[in-house]
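Descriptive structure summary
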Amino acid sequence: MGATATDPTGGRLPRRRFLAALAGFSIVSMAALVVTPIVGFLVPPRTSGGAAGGKVLVGKVADIPPGEGKVVPVGSKPTIVVNTAQGMKAYSAICTHLGCIVTYDSGSAAIVCPCHDGRFNPTTGAVESGPPPTGLTPEEVTVEGDEIFVVSA
Amino acid sequence: MTAGAPPTDATPMGGQPSGGQPADDWFERRLHWRGLMGALLHVRVPAESKTFFFGGITLFLFGVQVVTGTLLALYYKPTPAAAYDSVLFLTSDVSFGWLIRSVHHWGANLMIVFLVLHLLRVFFQAAYKFPRELTWVVGVGLLGLTMVFGFTGYLLPWDQRAYWATVVGTEIAGGVPIIGDTLLVLLRGGADVTEATLSRFFGIHVLVVPLALGMIVAVHLVFVHQQGLASPQVPDPRPPAVPTGRTKPFFPDYLLEEVIAWLFLLAILVVLASIFPAGLEEEANPLETPAHIKPEWYFLGVYELLKHVPRIVGILAPMVFVLLLLVLPFIDRNPEVRPRRRPLAIVLGILGIAVMVGLTIWGYVS
Amino acid sequence: MARRTLPRLVLAAPIAVVLLLLAAGTIAAQDPEPSLIPGPPAPTPIAHPAADGANGCADCHASLDGRQKAIVEDWRTGIHGIGGVGCADCHGGDPRSDQITVAMSEEAGFLGVPSRDQTVGVCGSCHSDAERMRPYGLPTDQYSKYWTSIHGQRLLAADDTKVAICIDCHGSHLIKKASDPTADVYPLNVPATCSRCHSDATLMEPYGIPTDQYATYEKSVHGQALITDKDIRAPSCASCHGSHSAKPPRSSEVVDVCGKCHTATQELYLESRHSELATAAPKCWTCHGTHDVAPPGERLFFHDSLPDYECTTCHQPPDMALSLDVEQFDTEADRRCDTCHHPESLIYSQVEAIAGALGGATDAQRRAEAKIAEARGLGMLVQDAEVALTEAKTGYIQGQAAVHTTKLTEVTVHTEEATSKAASAEALAQAKLDESLFRRRAMIIVVAVILANVAILFAIKRRIDRSRREQGQGAPPAT
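Note that the structure is a prediction, hence the values are computed from the model and not measured.

All right, on to unusual backbone geometry then. Residues and elements named next belong to chain B. Residue P131 follows F130 across a cis peptide bond; omega there is -5°. Locating P131 in the fold gives a position in the loop between α5 (97-124) and α6 (133-155). The omega torsion across F251 and P252 is 0°, close enough to zero to call that bond cis. With respect to the helices, strands and loops of the structure, P252 is situated in helix α10 (residues 250-275).

Quick look at the structure:
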């Protein structure tokens, strides 16, 4: 034999039905406690905004005719989608000046922040005039058939 | 090992008449496992063993991490474009997602805490001495692997804190002499922290280290089984003989106590996860460095040290420290195990703890 | 018929004349347009022999003494030195010679140090020449603008040598481009340059001009942006007063001056009842101040306690015409709607309604913010509530701006949106709080189950221990 000390009692336990019942309850309750969250977790949730890191349907092409723009929620982030001559463009709708939500002004064909009249170029998101220090962050937008998707990044 | 001998000393598990016997026989006739199980379970351990649970707790926490980590991996997306949102999604929208993530977060922290406690317990009880030198060396390897776990996992949420702490951490790794530049590029998968880094860290965190840790823990446990648990009172005799002193059965006595400790840990994890859920800062922005970047608490000591000594000293000191830990059983020639008979070791140990704790607290408050 | 109309006409005529005079006098008294003294035409540049690369002036003066050497160095490093505008171009003389009798001779056109009003002409002789300035893209209106300014008019009217001329701001020898950040006329440096004279009490005393402008401006929103944040888009003295045409804006001009930058606000103001009244209504400065512009807020609606109403607050003697002068609103505490709109006036209820609309939106936002902070403090993720709050803030800011229209409906359109968005933000945060509470309650149950299991295992363990002792199975002998 090596250095292990074998236990000659062989782990004989006292015979108690009560012990068995208790042990059974213990095992079952612990199993339930552990398995419930795991199973709950594995069931995919029914979310409103769509999956993370995937495409989010924001509307139909008919909703945004050429020369128009619309603010839509993508997940929890407001995004402005504009139908420009160079195709569908999308940007974060949070103005880089003081965080107001921008809108689209089809009259002047510019993305405008209503708070302090900051203006952004709808094709590039760059600042055209006003107090914003930098342009709007572009988002990836794709058109499939008649549906518009924004890739939530 | 009494392989093939009639199962006389191997009693049915639990000895209950409630149907355990026939099932047990069914498996035994096919697998002949009673002998093996007997050899594994029916050993004896020192009777007084309160601090012995730390190692088992670390193992339990590793198990918790494997389970919660696997669950998280079913929703996590390891690209910079999607990582943050996937973590936000599983924390907010998936049922119990907050629980799984928070348990994983706290499990990681507690695993390191108990691993260190286990190391300290083994050190102060001189259980690394003959014949357990190899077990200690393997254990230091496990410590390294666990730190790699912590470092790689920290990046995965891809928020500002994660990103910049990784930038700083890999910069420090790049300061290692001679191999530093190569090491930095290997770690980052390039010159900067990018999606290549995230892929790399994800693969390491989810595949490489779990497998490595699992296998090396198995080796560690085999060693422990072979040698039994050391007595804190009396050093193991040379040549080896069966240790004397009060002992108790591993199964079911010690194991029962171990499981009780595990249940306490589970309760602590649930409380921590509910009251202090894992947070998420804003998404990583490589163009915007936040004001104060600090690594996670288990690296704070080294981080603080680097602020006060020349860079090369700050990088080599921890490496030397780990090296000393590794070869500790071979440089500590004193055969004594009781504290009074090994004052130098005790003093150095306390000093080491004081320095590490002090540096960590300093790093936290500064 | 003729016998009755004639006396009536005779009676009516003087009355009509008197009324007309009153009207003219009133209009004149409100915004007198003083006639400007016309400035002289730009002189021709000094005639002097061409330099052809030589610069005897500089060579000689540089070796004279420290002060002269410094002057030459200044000129050399300045834009004139770099651009080839030599000493003779401003001082006259012959730059080819190093003989003082030739170089500084009258025949060569030597002017010496020009007098202060001569200087304006010297600078203007080149700088108002369009063809000469064309390669540099420099404007040429500074000379003509200068004569319309208070500085120029004073120089013309009284030959006052203390007023600012070109060299006081631009330097004489070390002249820098206006785009050079170290130049005195670089936008960030303009307030300090103007206040060199305008903060000097002794200098300003004879003119009765106050000297606290810089000190007040420094603390204002504009001053903070320019001086502290170094934002060159912020207005300096020159932005509102003009630089070469420096003059304080008149009451009739204020809205256009502020509206140069605050375009959206100007558009809104022009929709209001206030903009229809020339002098009898508030301009930008009435509520926002001049040099001491502070961030606007809901405090601008009402005094904390009712003010003492005096006729002269709004009616100016001697004719008691309705007129609001900027001096009456010097104290910030007077810049309130109810300074003019007495609580018993018809308009007061509208003021109250507008203030109430904004106040309600502010309260809704504050409640939402508090709830969000509470949820965040419990570790919950509150991004969705924060986005809703941002939308509320957008509406609120638009509502604040709409106050300039003085139309309640314009304001409530935005404040209602702000309030409803704030309410949904609060609801989202409340959901997080409820979730957190649920988790704690669940946690207690879960921990209770775990501890129950611990107790069970303890019980099992104790029975095992007891049965071991009963069966005499202490530590068995080692095998």
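Right, let's talk about the nonpolar core for a bit. What tends to happen in soluble globular proteins is that the nonpolar side chains get buried as a cluster. Counting 44 residues, the largest nonpolar core has I57, L61, L110, L213, L265 and L269 of chain B together with I460 of chain C as the members making the most contacts within it. Elements with a minimum of two residues in this core: α1 (17-42) of chain A, α3 (53-73), α5, α6, α9 (195-227) and α10 of chain B together with α22 (408-470) of chain C. With 12 residues, the single largest contributor to this core is α10 of chain B. Beyond its immediate chain neighbours, meaning those up to four positions away, L269 of chain B contacts L61, V64, V103, W106, G107 and L110 of chain B. A83, V87, V193 and L198 of chain B belong to the second-largest nonpolar core, a separate cluster that totals 19 residues.

Residue and element names in this part refer to chain B. Where α6 meets α9, the closest approach of the two axes is 9 Å, and the angle between their N-to-C directions is 160°. Classified by the angle their axes make, α6 and α9 are roughly antiparallel. Of the two possible hands of crossing, α6 and α9 adopt the one that is left-handed. Of the residues in the contact of α6 with α9, the class split is 20 nonpolar, nine polar and no charged.

Going through the model one piece at a time under the given rule, you end up with 24 aromatic pairs over all chains. Here Y146 of chain C and W147 of chain C contribute two aromatic rings whose centre-to-centre distance is 5.4 Å and whose plane-to-plane angle is 65°, an arrangement assigned as edge-to-face. Taken as a pair, Y146 of chain C and W147 of chain C share a single burial class, namely buried. A connected cluster of aromatic rings, assembled from ring pairs, spans F151, F201, W297, Y298 and F299 of chain B. Sitting above the plane of the W26 of chain B ring, R30 of chain B keeps its charged end 3.9 Å from the centroid. Taking NZ or CZ as reference, R342 of chain B lies 5.5 Å from the ring centre of F123 of chain B, over its face.

Residue and element names in this part refer to chain A. Pairing in this open sheet of four strands is antiparallel, and the strands run β5-β6-β7-β8 from one edge to the other. Only two strands of the sheet have a single partner each, and these edge strands are β5 (103-105) and β8 (127-129). The mean inter-strand angle of the sheet, taken between neighbouring strand axes irrespective of direction, is 40°. With two bridges joining them, strand β7 (residues 118-120) and β8 adopt antiparallel strand pairing. What sits directly across from F120, in β8, is V127.

What follows is about the pattern of salt bridges. For the structure shown, the criterion picks out 34 salt bridges over all chains. Note that R196 of chain C is salt-bridged to D184 of chain C, the shortest N-O span being 3.0 Å. Here the residue R196 of chain C occupies a position in helix α12 (residues 190-198), and D184 of chain C occupies one in the loop between α11 (166-170) and α12, the gap between them amounting to 12 residues. R196 of chain C gets classed as partly exposed once you look at its relative accessible area, which sits at 44%. Within this structure, K248 and E257 of chain B together with K461 and D465 of chain C form a network of salt bridges that share partners.

Contacts between the two partners involve 26 residues from chain C, matched on the other side by 26 residues from chain B. When the two sides are added together, the surface that chain C and chain B hide from each other amounts to roughly 2,200 Å², 73% of it contributed by carbon and sulfur. Our count for the contact surface shared by chain C and chain B stands at two salt bridges. Note that D253 of chain B is salt-bridged to R468 of chain C, the shortest N-O span being 2.8 Å. Taken together, the connections running from chain C to chain B amount to three residue pairs in polar contact (both at pLDDT 80 or more). Ranked by residues supplied to the side of chain C that touches chain B, first place goes to α22 of chain C with 17 residues. A breakdown of the residues in the side of chain C that touches chain B according to their chemical character gives 15 nonpolar, five polar and six charged.

In this section: α1 of chain A. Helix length check: α1 of chain A (26 residues) gives 37 Å between terminal C-alpha atoms against 38 Å at 1.5 Å per residue, within 8%. Considering bend angle alone, the principal kink of α1 of chain A is centred on V35 of chain A and spans about 25°; proline P37 of chain A follows within four residues of it. Of all the positions in α1 of chain A, only L19, L22, S26, S29, M30, P37, I38, G40 and F41 of chain A are classed as buried. Buried-residue contacts for α1 of chain A involve α3, α5 and α10 of chain B together with α22 of chain C.

Our focus in this paragraph is empty space enclosed by the protein. Residues and elements named next belong to chain C. Inspection of every chain in the model, using the stated rule, returns four cavities of 30 Å³ or more. By volume, the second largest cavity is sized at about 50 Å³. Surrounding the second largest cavity, C287, H288, D292, A294, R299, L300, E332 and R335 form its lining. Considered class by class, the residues forming the lining of the second largest cavity number three nonpolar, one polar and four charged.

All names here are of chain B. A surface patch of nonpolar side chains, about 730 Å² in accessible area, is lined by I312, V313, L316, M319, V320, L324, V327, F330 and I331. Structurally, the position occupied by L324 is in helix α12 (residues 311-331). Under the relative-accessibility criterion, L324 is labelled partly exposed at 44%.

So, about the domain arrangement of chain A. We note that the domain assignment places domain 1 (13-45) and domain 2 (54-152) within chain A. For domain 1 of chain A versus domain 2 of chain A, the separation of C-alpha centres amounts to 53 Å.

Now for the confidence of the model for chain B. All names here are of chain B. When pLDDT is averaged along chain B, the result is 87, and 92% of the positions lie at 70 or above. Under a pLDDT of 50 for its full length, residues 1-19 has, in the predicted model, 18 contacts with residues more than four places off or in other chains. The ipTM, which scores confidence in the relative placement of chains, is 0.82 for this predicted complex, and the corresponding pTM is 0.72.

Before going further, it helps to spend a moment on the packing of helix α11 (residues 297-308) of chain B against α12 of chain B. Residues and elements named next belong to chain B. Running from amino to carboxyl end, α11 crosses α12 at an angle of 150°, the nearest separation of the two axes being 7 Å. With respect to their mutual orientation, α11 and α12 come out roughly antiparallel. When the axes of α11 and α12 are compared, the crossing they make is right-handed. Here V302, L305 and L306 of α11 come into contact with α12, specifically with R311, G314, I315, A317 and P318.

Moving on, we get to the environment of V270 of chain B. Mapping V270 of chain B onto the fold places it in helix α10. Counting along the chain gives 87 residues from V270 of chain B to V357 of chain B, while the straight-line C-alpha distance between them is 26 Å. When neighbours within four sequence positions are excluded, V270 of chain B is seen to be in contact with M443, V446 and V447 of chain C.

Let us look at the state of the cysteines. Covalent bonding between the sulfur atoms of two cysteines defines a disulfide. Residues and elements named next belong to chain A. Evaluation of the coordinates by the stated rule reveals one disulfide over all chains. Free of any disulfide, C113 has its nearest cysteine sulfur in C95, 3.8 Å distant. Overall, the relative accessible area of 3% leaves C113 in the buried class.

So, how was this worked out
Residues numbered from 1 in each chain as written. Chains lettered and ligands numbered in written order. Predicted model: local features only at pLDDT ≥ 70, side-chain atom pairs only at ≥ 80, totals over all residues. Heavy atoms only, no water. Helix = DSSP H or I, 4+ residues; strand = E, 2+ residues; numbered from the N terminus. Core = buried A, V, L, I, M, F, W, Y, C linked by side-chain atoms within 4.5 Å. Buried < 20%, exposed > 50% of the residue type's maximum accessible area, 1.4 Å probe, protein only. Contact = heavy atoms within 4.5 Å. Axes fitted to C-alpha atoms, helices over the stretch in contact; angles between N-to-C directions. Parallel < 35°, antiparallel > 145°, perpendicular 65-115°, else oblique. Left-handed = near helix turned anticlockwise from the far one by under 90°. Nonpolar A, V, L, I, M, F, W, Y, C, P; charged D, E, K, R; others polar. Phe/Tyr/Trp six-rings, centres within 6.5 Å; stacked < 30°, edge-to-face > 60°. Lys NZ or Arg CZ within 6 Å of the ring centre and 35° of its normal. Pairing = 2+ DSSP bridges. Salt bridge = Lys/Arg side-chain N within 4 Å of Asp/Glu carboxyl O. Buried area = accessible area lost by both parts, 1.4 Å probe. Polar contact = N/O pair within 3.5 Å; in protein donor to acceptor, adjacent residues only side chain to side chain. Expected span 1.5 Å × (residues − 1). Bend = angle between axes of the 7 residues up to and from the residue. 1 Å grid on protein atoms, 1.4 Å probe; cavity = no way out; pocket = protein on both sides within 12 Å on 5 of 7 lines; lining within 4 Å. Points joined across faces, edges and corners; volume = space filled by probe spheres on them. Patch = residues over 30% accessible without salt bridge, like charges linked within 9 Å, V, L, I, M, F, W, Y side chains within 5 Å. Areas by Shrake-Rupley, 256 points an atom, 1.4 Å probe, with all protein chains shown as cover. Domains from an automatic or database assignment. pLDDT = per-residue confidence, 0-100. Disulfide = S-S within 2.5 Å.

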